[in-house]
Amino acid sequence: MSKSNVMKPVEILLIEDNPGDVRLTKEALKKSKIKINLNVVRDGVKAMDYLCKHGKYKSKPKPNLILLDLNLPKKDGREVLADIKDSDSLKMIPIVILTTSLAENDILSSYNQHANCYINKPVELNKFFKVIRSIELFWFGIVKLPPNRLISK
Amino acid sequence: MSVKNIGSTVEILLVEDNPGDVRLTIEALKESKILNNLNVVDDGIEAMAYLNKEGKYKDRPHPDLIILDLNLPRKDGREVLEEIKEHKNFKRIPIVILTISEAEEDILKTYQLHANCFITKPVDINQFIKVVKSVSNFWFSIVKLPPDGE
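None of the values given here were measured: they were computed from a predicted structure. (Residues numbered from 1 in each chain as written. Chains lettered and ligands numbered in written order. Predicted model: local features only at pLDDT ≥ 70, side-chain atom pairs only at ≥ 80, totals over all residues.)

Caption draft 1: Summary view of the overall build of chain B. The helix and strand inventory of chain B stands at five helices and five strands. Helices (α) and strands (β) of chain B occur, in sequence order from the N terminus, as β-α-β-α-β-α-β-α-β-α. By the compact-globule yardstick of 15 Å for 150 residues, chain B fits well, its C-alpha radius of gyration being 14 Å. On the principal axes, the C-alpha backbone points of chain B span a range of 40 × 30 × 30 Å. Residues counted as buried form 38% of the 150 residues belonging to chain B. (Helix = DSSP H or I, 4+ residues; strand = E, 2+ residues; numbered from the N terminus. Rg over C-alpha atoms; globule rule 2.2 N^0.38 Å. Buried ≥ 20, exposed ≤ 12 C-beta atoms within 10 Å, placed from the backbone.)

Caption draft 2: The interface of chain A and chain B, seen in detail. Between chain A and chain B, the contact holds 25 residues from the first and 26 residues from the second. Split by residue class, the side of chain A that touches chain B holds 15 nonpolar, six polar and four charged. (Contact = placed C-beta atoms within 7 Å. Nonpolar A, V, L, I, M, F, W, Y, C, P; charged D, E, K, R; others polar.)

Caption draft 3: Expanded view of the sheet that holds strand S2 (residues 36-41) of chain A. Residue and element names in this part refer to chain A. Pairing in this open sheet of five strands is parallel, and the strands run S2-S1-S3-S4-S5 from one edge to the other. Taken across any chain shown, the strands that pair with only one partner, and hence form the sheet edges, are S2 and strand S5 (117-120). Here the strands of the sheet are splayed against their neighbours by 20° on average, with no regard to which way each runs. Note that strand S3 (residues 65-68) and strand S4 (residues 95-99) share three bridges and pair parallel. Bridge pairing in S4 places Leu67 opposite Val96. (Pairing = 2+ DSSP bridges. Axes fitted to C-alpha atoms, helices over the stretch in contact; angles between N-to-C directions.)

Caption draft 4: Region of interest: the confidence of the model for chain B. Of the residues in chain B, 94% reach a pLDDT of 70 or more, and the chain-wide mean stands at 93. Model confidence for the complex is summarised by a pTM of 0.94, with the ipTM given as 0.94. (pLDDT = per-residue confidence, 0-100.)

Caption draft 5: Summary view of the sheet that holds strand S3 (residues 65-68) of chain B. Residues and elements named next belong to chain B. Here we have five strands laid out as an open sheet, ordered S2-S1-S3-S4-S5, and parallel in their pairing. Pairing within the sheet leaves two strands with one partner each, and these edge strands are strand S2 (36-41) and strand S5 (117-120). On average, each strand axis in the sheet is tilted by 20° relative to the strand beside it, whichever way the strands run. Across six bridges, the pairing between strand S1 (residues 10-15) and S2 is parallel. Following the sheet pairing, Val15 is matched in S2 by Val41.

Caption draft 6: Inspection of unusual backbone geometry at higher detail. Positive phi outside glycine occurs at His114(A), with the angle close to 75°. Note on placement: His114(A) falls in the loop between helix H4 (104-112) and S5. Judged by the 21 C-beta atoms lying within 10 Å of it, His114(A) is buried. Here the phi dihedral of Lys53(B) falls at roughly 55°; this positive angle occurs in a residue that is not glycine. Secondary-structure assignment places Lys53(B) in the loop between helix H2 (44-51) and S3. You can call Lys53(B) partly exposed: it has 13 C-beta atoms within 10 Å.

Caption draft 7: Region of the structure containing the pairing of S5(B). Here strand S4 (residues 95-99) of chain B runs beside S5(B); their pairing, made up of four bridges, is parallel. Paired with Thr99(B) across the bridge in S5(B) is Thr120(B).

Caption draft 8: The packing of helix H2 (residues 44-51) of chain A against helix H3 (residues 77-86) of chain A, seen in detail. All names here are of chain A. Following both chains from N to C, one finds H2 and H3 inclined at 20°, their axes separated by 9 Å at the closest point. Comparing the axis directions of H2 and H3 gives the class roughly parallel. Handedness of the crossing formed by H2 with H3: right-handed. On the side of H2, the interface is formed by Gly44, Ala47, Met48 and Leu51, while H3 contributes Gly77, Glu79, Val80, Asp83 and Ile84. (Parallel < 35°, antiparallel > 145°, perpendicular 65-115°, else oblique. Left-handed = near helix turned anticlockwise from the far one by under 90°.)

Caption draft 9: Broad picture of the confidence of the model for chain A. Here chain A averages 93 in pLDDT, while 93% of its residues score no lower than 70. Within the model, the stretch residues 1-5 of chain A combines pLDDT values under 50 with three contacts to residues more than four positions away or in other chains.

Caption draft 10: The packing of helix H5 (residues 125-142) of chain A against helix H5 (residues 125-142) of chain B, seen in detail. Two numbers describe how H5(A) lies on H5(B): the axes approach to 11 Å, and their chain directions differ by 145°. For the pair H5(A) and H5(B), the crossing hand works out as left-handed. Residue-level contacts link Val131(A), Ser134(A), Phe138(A) and Ile142(A) of H5(A) to Val131(B), Ser134(B), Phe138(B) and Ile142(B) of H5(B). Residues belonging to the contact of H5(A) with H5(B) are distributed by class as follows: six nonpolar, two polar and no charged.

Caption draft 11: Local environment of the pairing of S5(A). Residue and element names in this part refer to chain A. Here S4 runs beside S5; their pairing, made up of four bridges, is parallel. Residue pairing in the sheet places Val96 in a bridge with Cys117 of S5. At this point the chain moves from S4, through H4, to the parallel S5, and the crossover so formed is right-handed. (Right-handed = clockwise from strand over helix to strand, strands pointing away.)

Shown next as structure tokens:
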């Protein structure tokens, strides 16, 4: 059994290009009772650089959870999902797709590509907050995440 | 192919051999605001037969969500997970691991096999019910489930 550290912060990687949505997510997570570090990248190329610890990201911690928008510049979120879930060192990280797309093809292909869950981004502010809060309560309160000790290599 | 519409019944497959836990799960889901149907099998072989619509399962509905215990008779839950997540038609189905194990190696391995999430079964009855309600609330009201593609 691993010793429990004085609560290490949970690391979230938010892959999102819309500045408004980034800000809302930050706001929503501020209310959390647990300590959360929100790391943000704004396109798919930076997302992979972050996860592979390239360049300026070399000391960044591996995330405990990824929030991934599908429509991203430079490298599409669908490709990012595939790259992560095909990688032996990254595939265990839970990925929550958080996107405006309601297209059945997107939902189906995301699950086929092993996205952990797919959530449609609400347009309405209070609903958006509620969704972020639900993600936080479920993934950090109910679920057991892959152990840091074993994934942070 | 149809997306789960608001108002239609969510089909759950519970793969669980402990009758007490089955009963608690039934109780917890009864109180859900979302209409759901709980289908239960009690070992790993029956789980695959259910999904493949073999024999007595030929008219059973395709599950929208699977709740899977790891320690099962006849065919272990870890094998069931692997088979489902490698199967072209079944891999889309979200699998919630609900097990007594808290072993880090189990947690890591099941995520690597593409379990959608891993939950350790609480020992306390009230906590157990709370956890099942949280699963139902998150997966049926917040998340978009995959279309069943049939």
